[in-house]
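# Structural overview for review
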Amino acid sequence: VVKHLASVGHKVTVYYIQTDLEAEIVKENVSSWFYDMSNVSFVKYSGTFDFHDAGIATWWETAYMLNAKRNHFRKQLYFVQDYEAYFYPMSSEYILAENSYNLGMFHICSGQWCKELIEKKFNAKAVYFQFPIDKAIYYQRKRTKQNKNIVFFAKPDMPRRCFEIGLGA
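Because the structure is a prediction, the values reported are computed rather than measured. (Residues numbered from 1 in each chain as written. Predicted model: local features only at pLDDT ≥ 70, side-chain atom pairs only at ≥ 80, totals over all residues. Heavy atoms only, no water.)

Here the largest pocket is characterised by a volume of approximately 2100 Å³. Residue lining of the largest pocket: 48 residues in total, with Val-1, Val-2, Val-14, Thr-58 and Phe-79 positioned closest to the centre. Elements represented by at least two residues in the lining of the largest pocket include exactly α1 (2–7), β1 (13–16), α2 (23–33), β3 (52–57), α3 (60–68), β4 (73–80) and β5 (106–110). No other element matches β3, which puts 6 residues into the lining of the largest pocket. Residues of the lining of the largest pocket, tallied by class, amount to 31 nonpolar, 13 polar and 4 charged. (1 Å grid on protein atoms, 1.4 Å probe; cavity = no way out; pocket = protein on both sides within 12 Å on 5 of 7 lines; lining within 4 Å. Points joined across faces, edges and corners; volume = space filled by probe spheres on them. Helix = DSSP H or I, 4+ residues; strand = E, 2+ residues; numbered from the N terminus. Nonpolar A, V, L, I, M, F, W, Y, C, P; charged D, E, K, R; others polar.)

As structure tokens, this is what we get:
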């Protein structure tokens, strides 16, 4: 999204958190790992924003950061990539993540399910996009073997993965 917005002439600034890396290093890493970001500004978030036409939160914590400085943006958008409350057991994080959908932002959701949930549960405005899939890489193949495989994505430090139940099964 950042690459596209910049490529059609928007001035884009990425505010980042959760790393002490300098902005140029973050920009180089993103350019190396994903897309060329040479025409995008990167700023380590320090509690303030410049003034912008739009601000786009990409995670529940960033939604609160944006909301705290809402007068710095003409429009506030929330890029909802998943229903983030489900990432946590019932806890402060669960409740804060869930309440982030009540901040009055316009939601851009990854998938119709998330859009409908946000609209119904929070009476919020939302649109959705279908998650882009490179079908040259990810596609259904005709099954050629008869036995069945079971995959259990086991990650004990993530409660939503239900590690103990998976091991029991």
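For the rest of this paragraph, the subject is the side chain of Ser-100. Tracing the backbone through its elements, the reader meets Ser-100 in the loop between α4 (92–99) and β5. Overall, the relative accessible area of 1% leaves Ser-100 in the buried class. A polar side-chain atom of Ser-100 sits 2.9 Å from a polar atom in the side chain of Tyr-78. The residues contacting Ser-100, other than those within four sequence positions of it, are Trp-60, Ala-63, Tyr-64 and Tyr-78. (Buried < 20%, exposed > 50% of the residue type's maximum accessible area, 1.4 Å probe, protein only. Polar contact = N/O pair within 3.5 Å; in protein donor to acceptor, adjacent residues only side chain to side chain. Contact = heavy atoms within 4.5 Å.)

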